[in-house]
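A look at the structure
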Amino acid sequence: MAESNIIKIPILGKESIIVGNNITAYIAKDVVSSIKASTYCIITDENVAMHHLEKLENLLTKEANALGRRVLSYTIPAGELQKCRDTKAEIEDYLLLNKCTRDTCILALGGGVIGDLSGYVAATFMRGCTVIQIPTTLLSMVDSSIGGKTAIDVPGGKNIIGAFHQPARIFIDPQYLRTLPLRQFRNGMGEVIKTAAFWSPEDFSLLENNVEKILAFARNESEDGADIVQKIIQGAANTKAYVVTHDEKEGGLRGVLNFGHTIGHAIEAILAPAMYHGECISMGMVYEAEVARSMGLLKDAAIGRLSRCIQAYGLPVSINDPLVDENTHGKQKEITVDRLMEIMKLDKKNRGTQKRIVIISEIGKLYEEKPTNVDDEVIINALSPALKVTPVPETQKEKFSLNVPGSKSISNRALILASLAQGKCKLKGLLLSDDTQVMLDALKYLGIKYFWEDNGDSLVIEGSNGKLQVPTDEIYLGNAGTASRFLTSVCTLISENGPKTVLTGNARMKERPIGPLVEALNANGCDIQFLGKNKSLPISIAHNGTKLQGGKIQLAASVSSQYVSSILMSAPYAQNPVTLELVGDNVVSQPYIDMTIAMMKHFGIEVTREPNTNIYHIPAASYTNPETYIIEADATSATYPLAFAAITGSTVTVENIGNESLQGDSEFATKVLQQMGCTVSQTAHTTTVQGPVRGQLKSIKIDMETMTDAFLTATVLAAVANGETEITGISNQRVKECNRIEAMITELAKFGVKASELEDGIKITGTSIASLKVPVDGVKCYDDHRIAMSFSILSLIVPGQVLIKEKRCVEKTWPSWWDTLHNVLKVKLDGYDTLPDEMKKLAKEVKEEPKQFNDASLIIIGMRGAGKTYMGQYAAKILGRKFVDMDWYFEQELKTTIKEFIPSKGWEQFRIEEVKLLKKIIAENPTGLVISCGGGIVETEDGRDVLKQYASQGIVLHLTREIKDIVAYLSKDETRPSFAEDITTVWERRKNWFQECSTHEFYVYKGNKNVEDEEYWSEVDSDYKRFIEFICANPSSDETKFPGNVHIPPASSYFLSLTYADLNEAIPILEKASEGSDALELRVDLLASQEKEFIRQQVSILRRYSSLPIIYTVRTDGQGGRFPPAEIDRMFELLEYGLKWGCEYVDVEVDVIGKGKEHRIELTENLVNRKGNSKIIASYHDCSGTALWDPHTNASINTNTTKISNGPKRLLRMRDKYMELLPYGDIIKLIGFAHKLQDNFTLYTFVKEIVPSLGLQYKPVIAMNMGPLGQISRALNGFFTPVTHPILPFKAAPGQLSIQEINKIRSSIGLISPKKYYLFGSPIAYSQSPTIHNTGFEVLGLPHKYELSESEEWTHVKKVVEDGIKDGSFGGASVTIPHKQNVIEHGIVQRVTDAAKAIGAVNTLIVENDEEGNPIVAGDNTDYLGIKRCIENRINKVRKSDDKFIGVVVGAGGTARAACYSLTQLGVDKLLIWNRTTSKAEELAKIFGGEVIQNLGDCLKTESDANVVYAIVGTVPAAAQVNMNFTEFFDSGKKGVIVEMAYKPRRTPLLNAAVAAKDSHWETTEGVDVLIEQGLEQFIRWTGRIPPSQAISEQVYNRYSE
Ligand SMILES: NC(=O)c1ccc[n+]([C@@H]2O[C@H](COP(=O)([O-])OP(=O)(O)OC[C@H]3O[C@@H](n4cnc5c(N)ncnc54)[C@H](O)[C@@H]3O)[C@@H](O)[C@H]2O)c1
Ligand SMILES: [Zn+2]
């Protein structure tokens, strides 16, 4: 290694910072020769060790051993969590164990964590030993390794325990960065940019101009950037060393290093660790620069450069930056201005109502050499997303003058002209936008020199007089259209020989046309080639020693006037005078061509146009640079300060626009303001307006076609003019940032001003100032800068403060508008944080009307005969939409029938028309339809394209059933021309097409039924209903639950792993085995076959025989399953089926970190992106048993290996795995291994403490340990614990427990405390309730008890409840006669649910917590739910889709009330009540909105409709039924459900009459069924668990029959 490479930087008087590429050998030599030590101990982390430890250690050992000294190394896990006391102690113990003494030299090899930690160890070890810093991250190279600050983090705060301990040497080798992850590199760039921004304009330019090179080096793609990276590191390190030297212990100067940090740290406090330090201070810099701007100390141009540079390195510039959302998953929404200010207040450097902020006054320059005290108000204003405008007092009649930001078009032209001209030119008022920045960078490549003057206000260009150089590299133009057009011609002026010039841009630029310009130039002898597919960029321009010929040039100018301007501006430097002829119909934007010609004239070249033609003559000559060229203001922007004068009655002069303006909008002053009563005076380059006395503006009628963008300004003035104003010629404003005409009308109305739309304009009725209103909710800006600025003008005279939301939208054209309004025009503005209010409102809006289904149209495809029409209509009914059959639509639209069409026009034509119509119907009905397509729609590529396109955002459902059944069905159908081919052949051809065009697939599972069976379709119907409801559900409609009703934790939940090779075998035991579970897991890898058809059938079985959600898992060998891990494509194909079949959960093994994972990442991302409503369980199973739950445990101690420097062995940590899974999963599943019991508690700590401490978005975690010692972790895991059941033939995993076993463990270790439940009432001896609940408790292994507590005294009830609440043993109670009202009246319950209120009785007591977390008792009523569930469970068996639904209640007592309530909850079309005592029936009818009937037969009289389904609820005791007449009604052949509430005897006269009726169509349920159902509801409310209903009913029926 040549030492010439090495640069030394002095710090604190010594040259101890050493910078160079590839200097490891040098480090070893230098350390050993200059630092005398008995032991050199390298401390590093695992990531760094893997790449860099061995080399350093070997070289160092060689040098040290030669002198009889020794080398040790110690590796700790990576990450900020290691910067803690534990790890410090661990390192100290290691040093002591190895007998290290005071003359030990510690080498900190790593990032800031290693540097800070090892530095602090060195500071205190033996009262201080030598430390050497070898930083390996960019951040540590330029920041943390320099300055001697060392520290650790403790629970009380970061970096608050530590010491100053200067390193003896700091070795900086950029080569280390080549292994650093890119995001870490960018992170360090934050500090690099920061340093340049406050200290060095040169370094800043270096950063601006070498983005690609630097990033290519960081990505390890190219070595080219090594030098430049070294340079930028030196620059930053130098600055830090200088600052530290002049202020070692933070007196004043050192504070300037904190540029961007005051606000940046506050943001970091909320967003870390998801966002890195360098990212947070990047945002901080922009905000702090805005603070400087609002203090009038910094120019827009500087802020523009700063944020563009930050963005170029992939760093965020505001909390709304997409990068922030991506990494924090929405956490940035928690940031409010108040919260940021609160955090800043805690910073010890800040005092009182001021904060210390480093102010820069231009790029690379400090305002003062220490942080400046800034008032809170100023910071709040800068940070706030919105602001309030205070009106200007009428007495204020000052004179103001100001400059307005320059015009973009003029800026771009001026840059070209000044660069081509002779001599120097100072451009004043240049607009610095992305476009002009790109242009400036490009001009530099062509050899143009320029520099900034006047504090960044002026740009001085040294003109080239047309002598340009061949660029050394390709020129990247981003999306800057103007630059690309102008520069294409400019490049043809290069007369040197050399390699071709390449102009390129971003993806969008590569689509924008440039063909006509290139063709015109090539026709003139140039050699320009298109390098891409399109006639657009990239292009190459050849240089063969001659420049543009000139002479006659023909150009088609109908696309862009920029082509014309491009040739015009370059033409004077062609070899011969140019005659430019524009051909084609119409020339666009003549005003822009005129602008170019006028500017050329200013630079000394006169263009002549042949009268009445499009032929221009340009002489061959040179431009001459004027000494100064003032870029004219953007004329539309200028209207705002002028309108300020008009509306407030003051005088304003705009200094950079006048009557020689080149822009149409410049006539605003004379054509609009003057007419409205202002006094206007203009010079060539200035405009002054004086407004009339307030309230004296006059209305006008004006055509603003030549200045459309200024109509908004005119409109707000018209709002307070006397009379009606009409503005026309502005219809293009309907399609700007928003529909501006509509937006103005809406917002004006908030001020109490009337306005309306004209065909091509707007009419405004002027209002007196006195009657203006303050908009209640503030002004909405529609993200449109012009709306924001216009309304800020109107706000100036409103009686009160006006809130302008979204203040940042002005950044598009005038970023400092608000500062100008405040600082120059003296308007008081107050920052306002709308965020919290808005968010609250938003949340409320979402809650108020939860929509069950999304309404995007659903498309159904599939073979003819698959059931598309039937299922389509059914889907339409479920979703509440319209159904359209494409065949019907075809016949409607083409006014023919398919039977006629095919023979005359043929199948091919039919397909063409069909696809056309599909496109049409989708375009016209993006929502609200269910569309069923013909089977052949997939036959053409066009058809498939339309479907695939739709599938990319909507649902395309493929309906399919056994091809045999289709054949059988179709042989009967004669309505359509039959297939010429065999149906099976057709299916074989189409099946893959159906597959690739659909997002979902529904398979008509016939189970053990035949197509002819009556129940065939009714069973399919309910499977299908569940499927459709799931895939179309609006995910937002219930935030506390996942689809499938699984509670998002903390509630405990389980899933049953089914390990069958064929689930047909499981059908008989499925219900019992799944008792207590919340979902069923289908282990696809364990199935007998992994063929699609087989798996599909298995999914269908689960859906048919259980209502539980399905977890679809393909577990690989190596993660505890059987699927071959190498078949990754096949695995993802299977997983995709899981999504297609609407499985509620799909388990995905995520493995995306490390080399060579690109394909896997792509597959995982694709899968996750198309998950729809399914939830992804991102899983990782550590079968090797090596992953660690504890981020602190050091394996090098555990496993007795003192180092891990040999080979790339890495410790696997669950924390890292968790972070790896997080972006992909809705649920994270981590399975480890327990080597000792302790490992289960580390796991528990991991879930309860480590995961929350990461501060990332919360996601439910399933975490468990395998192995015999891991069993207890199954009891510790709360959410979705996989379980087995005793009746299953085998377990899914060794050690797997049943729910009963888990709950027993939980109770024995105190995780569940036993509760007592009671039945209050009398008489109750024969109650079935104890059987119901105690069976439930026992089956689930819960330690609770349900007892009878018989008494007629309410005081007894009160005492039992209150005592039980006090000692925590009361779990809940059932309540029956005579206490159903007592508990309300005597205050035993503190809350009554809506249902219990409506029914007027309580039957269930539940323990809840009040707002402070104290237990209270709530009274609920589950009787009605028992009734409701009994009806729901049975009605579908008899109900046809369009039946009228009528509820009948027999009786009018307390139970009847519950019955009425259930029926209304079920949404009956009509409610009838029959009671012997009519008056009581009438009472109920009044409450629930029903009709009274005299006997059951009356039902028939009140209903003429034939299609009726009844739900009859009987609530009178069997004994009282004896004299009732039921037969007339039941013999009439009606159908429905009967729910009997009486349960002695089991079969009452009512039930008997229904069953005995002729032609009976009645589903009946007995009293005991209702009792069980309501008991189950109680159980759910008390335990939060799903009860084992089958076991419970069995027990109850057993007892009942005894
Ligand atoms: N003392 C100071 O003046 C000062 C100043 C700023 C920051 N800090 C501290 O610095 C710490 C942050 O430093 P950091 O950003 O360097 O974090 P870091 O040390 O955690 O390193 C970041 C990551 O990059 C890995 N890594 C480091 N070098 C690598 C390389 N060459 N190749 C591959 N991977 C590599 C690390 O293992 C780690 O995972 C914080 O604790 C902060 O408080 C201290
Ligand atoms: Zn910092």
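Once a new chain begins, its residue numbering starts again from 1 and follows that chain's sequence as written. Throughout, the order in which chains and ligands are written sets their labels, letters from A for the former and numbers from 1 for the latter. Local features in this predicted model are restricted to residues whose pLDDT is 70 or higher, and side-chain atom pairs enter the listing and the counts only when it is 80 or higher, whereas totals over whole chains, interfaces and linings include all residues. To get the side-chain values, all heavy atoms of the structure are used, and hydrogens and water are removed first.

Under an unreviewed UniProt entry, the name given to the protein is Pentafunctional AROM polypeptide, and the organism recorded is Piromyces finnis. UniProt positions are given in the numbering used here, feature names are shortened, and annotations may be inferred rather than shown by experiment. The Function (unreviewed entry) field of the UniProt record for the protein holds the comment "The AROM polypeptide catalyzes 5 consecutive enzymatic reactions in prechorismate polyaromatic amino acid biosynthesis." UniProt, in its Subcellular location (unreviewed entry) section for the protein, records the words "Cytoplasm".

A tally of helices and strands in the protein yields 57 helices and 61 strands. When we talk radius of gyration, it's over C-alpha atoms, and the globule rule is simply 2.2 Å times the number of residues to the 0.38. The globule rule puts the C-alpha radius of gyration for 1602 residues at 36 Å, and the 40 Å found for the protein is close to it. Seen through its C-alpha atoms, the protein measures out along the principal axes to roughly 115 × 95 × 80 Å. A burial count over the protein gives 57% of its 1602 residues as buried. The helix count covers DSSP runs of H or I at least four residues long, the strand count covers runs of E at least two residues long, and both are numbered beginning at the N terminus. Classification of residues uses two cut-offs on accessible area relative to the type maximum, computed with a 1.4 Å probe and protein chains only: under 20% is buried, over 50% is exposed, and between them is partly exposed.

The next point concerns the coordination of the zinc ion (ligand 2). By definition of the ideal shapes, a tetrahedral metal site with four donors has angles of 109.5 degrees and an octahedral site with six donors has angles of 90 or 180 degrees. Taken together, Glu191 (OE), His261 (NE2) and His277 (NE2) make up the protein donors of the zinc ion (ligand 2), found 2.0 to 2.1 Å from the metal. Note that water is not among the atoms considered, so a metal site may appear incomplete; the donors listed are N, O and S atoms within 2.8 Å of the metal, with 3.2 Å applied to Na, K and Ca. Between consecutive donor residues of the zinc ion (ligand 2), the sequence gaps follow E-x69-H-x15-H. A residue pair is termed long-range when its members are at least 10 positions apart, and His261 in helix H10 (residues 261–271) and His277 in helix H11 (residues 277–294) qualify at 16 residues. Side by side, His261 and His277 carry an identical accessibility label, which is buried.

Quick look at the sheet that holds strand S14 (residues 386–389) now. In this description, strands pair whenever DSSP reports at least two bridges between them. Reading across the sheet, the three strands line up as S35-S14-S36 and stay open at both edges, with antiparallel pairing between neighbours. Taken across any chain shown, the strands that pair with only one partner, and hence form the sheet edges, are strand S35 (802–804) and strand S36 (829–832). Each adjacent strand pair in this sheet contributes to an overall mean axis angle of 30°, direction not counted. Where S14 and S36 come together, four bridges link them in antiparallel fashion. Across the sheet, the residue bridging to Lys388 is Asp830, located in S36. The axes used here are C-alpha line fits, helices contributing only the stretch in contact, and every angle between their N-to-C directions lies in the interval 0 to 180 degrees.

Moving on, we get to the confidence of the model for the protein. Residue-level confidence of the predictor is what pLDDT reports, using numbers from 0 through 100. Chain-level statistics for the protein give a pLDDT mean of 88 and a share of 94% at 70 or above. When pLDDT is averaged over each helix and strand of the protein, the minimum, 40, is found for helix H40 (residues 1195–1198) and the maximum, 98, for strand S6 (residues 130–135). We call two residues in contact whenever any of their non-hydrogen atoms come within 4.5 Å of each other. Between residues 838–850, whose pLDDT stays under 50, and residues either more than four places distant or in other chains, the model counts six contacts. Ignoring residues within four places in sequence, the model shows residues 1195–1209, a span with pLDDT below 50, making 22 contacts including any to other chains.

We now examine the site of ligand 1. When we say a residue is near a molecule or strand, we mean one of its heavy atoms is within 4 Å of it. Near ligand 1 you find 25 residues, and of these Glu80, Gly112, Thr136, Thr137 and Thr179 are the closest. Definition of a polar contact: a pair of N or O atoms within 3.5 Å, with one able to donate and the other able to accept a hydrogen when the atoms are protein atoms, and with sequence-neighbouring residues admitted only if both atoms are side-chain atoms. The separation between an oxygen atom of ligand 1 and a polar main-chain atom of Gly112 is 2.7 Å. Take Thr137: an N or O atom from its side chain is 2.6 Å from an oxygen atom of ligand 1. To be clear on the numbers: accessible area is Shrake-Rupley with a 1.4 Å probe, and residue cover counts the displayed protein chains and nothing else. When the free accessible area of ligand 1 is taken as 860 Å², the share hidden by the protein chains comes to 87%. Contributing elements (two or more residues each) for the shell around ligand 1: helix H2 (46–66), helix H4 (112–124), helix H5 (138–144) and helix H6 (182–199).

In this section: the environment of Glu742. The residue Glu742 is located in helix H25 (residues 740–750) in this model. Using a relative accessible area of 44% as the deciding quantity, one classes Glu742 as partly exposed. Along the backbone, Glu742 and Ile762 are 20 residues apart, and their C-alpha atoms lie at a distance of 8.9 Å.

So, on to the pattern of salt bridges. Here, a salt bridge means any Lys or Arg side-chain nitrogen found within 4 Å of an Asp or Glu carboxyl oxygen. Enumeration according to the criterion identifies 68 salt bridges in this entry. Here Glu342 makes a salt bridge to Lys345, at a shortest N to O gap of 3.8 Å. Separated by three residues within a single helix, Glu342 and Lys345 lie in helix H14 (residues 337–346), roughly one turn from each other. Through salt bridges with shared partners, one network takes in Glu80, Lys83, Asp116, Asp153 and Lys158.

Here the focus is the packing of aromatic side chains. What counts as a ring pair is set by centres within 6.5 Å for rings of Phe, Tyr and Trp (its six-membered ring), and what kind of pair is set by the plane angle: stacked under 30 degrees, edge-to-face over 60, tilted for all other angles. Following the criterion strictly, the structure yields 37 aromatic pairs and no others. Between the aromatic rings of Tyr1510 and Phe1529, the centroid separation amounts to 5.2 Å while the plane-to-plane angle is 85°, which identifies the pairing as edge-to-face. Here Tyr1510 is found in strand S59 (residues 1508–1514), whereas its partner Phe1529 is found in helix H54 (residues 1527–1530), with 19 residues between them in sequence. Residue classification places Phe1529 among the buried residues on the basis of a relative accessible area of 0%.

Moving on, we get to the side chain of Asn21. Its location among the elements puts Asn21 in the loop between strand S2 (14–19) and helix H1 (24–34). Overall, the relative accessible area of 6% leaves Asn21 in the buried class. Looking at Asn21, its side chain comes within polar contact range of the side chain of Gln175, at 2.9 Å.

Attention now moves to the sheet that holds strand S27 (residues 628–630). Taken together, four strands build an open sheet; the order of strands is S17-S18-S16-S27 and the sheet is mixed. Looking at which strands have only one partner, the edges of the open sheet turn out to be strand S17 (449–453) and S27. Within this sheet the neighbouring strands show an average axis-to-axis angle of 25°, counted without direction. Relative to strand S18 (residues 458–462), strand S16 (residues 424–428) runs antiparallel, the two being bridged by five bridges. When the bridges of S18 are listed, Lys426 appears paired with Val460. Sheet strands in contact with helix H16 (residues 408–420) are S16, S18 and S27, and its direction is about 30° off that of S18.

Before going further, it helps to spend a moment on the UniProt feature "binding site: Zn(2+)" (unreviewed entry) in the protein. Here the UniProt feature "binding site: Zn(2+)" (unreviewed entry) sits at Glu191, His261 and His277. Separation in sequence by 87 residues is not matched in space for these annotated residues, since their most distant C-alpha atoms are only 10.0 Å apart. One can find Glu191 in helix H6. Here Glu191 is in contact with Leu139, Val142, Asp143, His261, His277 and Ile281, once residues within four sequence places are set aside. Beyond its immediate stretch of four places on either side in the chain, His261 contacts Glu191, Lys194, His277, Ile281 and Glu288.

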